[in-house]
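# What the coordinates show
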Amino acid sequence: MNLLFESIQSLVNLIFLIVILGTLIISWVFADRLRKRHNADFPWNKALVIIGIEVLVFIAFNVFFEIFQANWIWISIGTIIIIFIILSRKRR
């Protein structure tokens, strides 16, 4: 089971890496085009805030996934019970 969890974590970490690098590359391309076409500055502070949020989400995912790996049985049982309760409620 650990091999499955480690594979999932590695795949998601790779996706996070691609997203962060993609944000940097796209920001650089837009900054270059904006400077060449309009002689204006790119709002790097906003791009860095977005990259910072992406990095924080990346760190939070890894922390919570480590907790999930340690307690996956209890978390799965709790999730199934919560989903069952939500789906079995009568709609008014």
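What you are looking at is a predicted structure, and each value in this text was computed from that prediction instead of being measured.

### Examining helix 1 (residues 2–38)
Taking 1.5 Å per residue, 37 residues should reach 54 Å; helix 1 reaches 53 Å between its end C-alpha atoms and fits that length. By the burial criterion, the buried members of helix 1 are Phe5, Gln9, Phe16, Ile20, Thr23, Ser27, Ala31 and Asp32. Just downstream of helix 1 lies asparagine 39, where phi reads positive at about 55°.

### As for the pattern of salt bridges
The tally for this structure, following the rule as stated, stands at 2 salt bridges. Between lysine 36 and aspartate 32 there is a salt bridge; the shortest N-O distance is 3.3 Å. A residue pair is termed a helical-turn pair when its members lie 3 or 4 positions apart in one helix, as lysine 36 and aspartate 32 do in helix 1 at 4 residues. Taking relative accessible area as the criterion, lysine 36 reaches 61% and is therefore assigned exposed. Here the salt bridges do not stand alone but share partners, grouping Asp32, Arg35 and Lys36 into one network.

### Regarding the confidence of the model for the protein chain
Across the protein chain, the average pLDDT comes to 93, with 97% of residues at or above 70. The spread of mean pLDDT over the elements of the protein chain runs between helix 3 (residues 72–88), the lowest at 93, and helix 2 (residues 44–70), the highest at 95.

### Section: the packing of aromatic side chains
For the coordinates displayed, the defined rule picks out 8 aromatic pairs. When the ring of phenylalanine 16 is compared with that of phenylalanine 58, the centres are 5.6 Å apart and the planes differ by 65°; the resulting orientation is edge-to-face. On the criterion of sequence distance, the pair formed by phenylalanine 16 in helix 1 and phenylalanine 58 in helix 2 is long-range, its members being 42 residues apart. Exposure remark for phenylalanine 58: the relative accessible area of 27% places this residue in the partly exposed category. Relative to phenylalanine 61, the ring of phenylalanine 16 has its centre 5.9 Å away and its plane inclined at 50°; by these criteria the two rings are tilted.

The rules behind each value
Residues numbered from 1 in each chain as written. Predicted model: local features only at pLDDT ≥ 70, side-chain atom pairs only at ≥ 80, totals over all residues. Heavy atoms only, no water. Helix = DSSP H or I, 4+ residues; strand = E, 2+ residues; numbered from the N terminus. Expected span 1.5 Å × (residues − 1). Buried < 20%, exposed > 50% of the residue type's maximum accessible area, 1.4 Å probe, protein only. Salt bridge = Lys/Arg side-chain N within 4 Å of Asp/Glu carboxyl O. pLDDT = per-residue confidence, 0-100. Phe/Tyr/Trp six-rings, centres within 6.5 Å; stacked < 30°, edge-to-face > 60°.

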